[in-house]
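Summary of structural features
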Amino acid sequence: MLEPLRQGLPPLDPAAVSSAASCALPARYEAVREARRFTRKTLDQWDMEERFDDVCLVVSELVTNALRHALPHGSPRVPEQQPPVRLHLMCWTERLVCAVRDPSHDSPVARETDDFSAESGRGLFLVDSFSDSWGWHPLAGTLNGKVVWALFHLPPPTA
């Protein structure tokens, strides 16, 4: 089990964020495709198309993990209920953060495996490999659950 990690996460001060976007995702696996489309559209708007492959892979893994491990099994979803998973993309001058909020209080668990042909179990390994840092923290206040985030360093803007 991982302890809550905040190292490397920029302060979540809305005034410091140069660009931000988020989308609610339903509790079904098609939401991963929706998250990828949303990520593509957002990065295109921010002129960050060159980062799409790495960011999209990380977003896909974080959303998949939220859907697979953070939602109560067998709990019926009423369509009017607020979607249980939310993707946030936040951009600072030299950093991009992808954050996925889910209703679970359980920490993410990185599974150790030597079987690299396995079809699952490598999600957090991929997040760690493709992002510059990642972590998670529990939500406070009226929000239940946690946020799992991944940070990407961006090249400094050219003058």
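This text follows the structure it describes.
Now for a quick tour of the structure. (Residues numbered from 1 in each chain as written. Predicted model: local features only at pLDDT ≥ 70, side-chain atom pairs only at ≥ 80, totals over all residues. Heavy atoms only, no water.)

1. Re the overall build of the chain
The helix and strand inventory of the chain stands at three helices and five strands. The secondary structure elements of the chain, listed N-terminal to C-terminal, are β-α-α-β-β-α-β-β. The proportion of buried residues among the 159 residues of the chain is 43%. (Helix = DSSP H or I, 4+ residues; strand = E, 2+ residues; numbered from the N terminus. Buried < 20%, exposed > 50% of the residue type's maximum accessible area, 1.4 Å probe, protein only.)

2. Notes on the environment of Ala27
Tracing the backbone through its elements, the reader meets Ala27 in the loop between strand 1 (19–25) and helix 1 (30–45). By relative accessible area, Ala27 is classed as partly exposed at 35%. Separated by 58 residues in the primary sequence, Ala27 and Val85 have C-alpha atoms spaced 7.2 Å apart.

3. Notes on the pairing of strand 4 (residues 133–138)
The buried count for strand 4 comes to five of six residues, which makes it a mostly enclosed element. As paired elements, strand 4 and strand 5 (residues 146–153) share six bridges and run antiparallel to each other. From the neighbouring strand, Ser133 faces strand 5, where its bridge partner is Leu151. (Pairing = 2+ DSSP bridges.)

4. So, the packing of helix 1 against helix 2 (residues 52–69)
At their nearest, the axes of helix 1 and helix 2 sit 9 Å apart, and the two run at 150° to each other. Read as a crossing pair, helix 1 and helix 2 show a hand that is right-handed. Touching Ala31, Val32, Ala35, Arg36, Thr39, Arg40 and Leu43 of helix 1 are Phe52, Val55, Cys56, Val59, Ser60, Val63, Thr64 and Leu67, all from helix 2. Of the residues belonging to the contact of helix 1 with helix 2, the class tally is 10 nonpolar, three polar and two charged. (Axes fitted to C-alpha atoms, helices over the stretch in contact; angles between N-to-C directions. Left-handed = near helix turned anticlockwise from the far one by under 90°. Contact = heavy atoms within 4.5 Å. Nonpolar A, V, L, I, M, F, W, Y, C, P; charged D, E, K, R; others polar.)

5. Focus on the pattern of salt bridges
Using the criterion set out here, one finds three salt bridges in the structure. Between Glu30 and Arg28 there is a salt bridge whose closest N-O contact spans 3.6 Å. The exposure class of Arg28 is partly exposed, given its relative accessible area of 41%. Here Arg28 and Glu34 are joined by a salt bridge, their closest N and O atoms 3.3 Å apart. For Glu34, a relative accessible area of 27% translates into the label partly exposed. Connected through salt bridges with shared partners, the residues Arg28, Glu30 and Glu34 form a single ionic network. (Salt bridge = Lys/Arg side-chain N within 4 Å of Asp/Glu carboxyl O.)

6. With respect to the packing of aromatic side chains
How two aromatic rings sit relative to each other is set out by the distance from centre to centre and by the angle between their planes. All chains considered together, the criterion is met by zero aromatic pairs. A cation over a ring is seen here: Arg95 above Trp92, with NZ or CZ 5.9 Å from the ring centre. (Phe/Tyr/Trp six-rings, centres within 6.5 Å; stacked < 30°, edge-to-face > 60°. Lys NZ or Arg CZ within 6 Å of the ring centre and 35° of its normal.)

7. A word on the sheet that holds strand 2 (residues 85–91)
Ordered in space as 1-2-3-5-4, the five strands form an open sheet in which the pairing is antiparallel. Strand pairing shows two members of the sheet lacking a second neighbour, strand 1 and strand 4, which therefore form its edges. The mean angle between the axes of side-by-side strands here comes to 15°, regardless of whether they run parallel or antiparallel. In terms of strand pairing, strand 1 meets strand 2 through seven bridges, oriented antiparallel. Counted as the bridge partner of Ser22 is His88 from strand 2. Sitting on the sheet, helix 2 touches strand 1, strand 2, strand 3 (95–102) and strand 5, and the angle it makes with strand 3 is about 15°.

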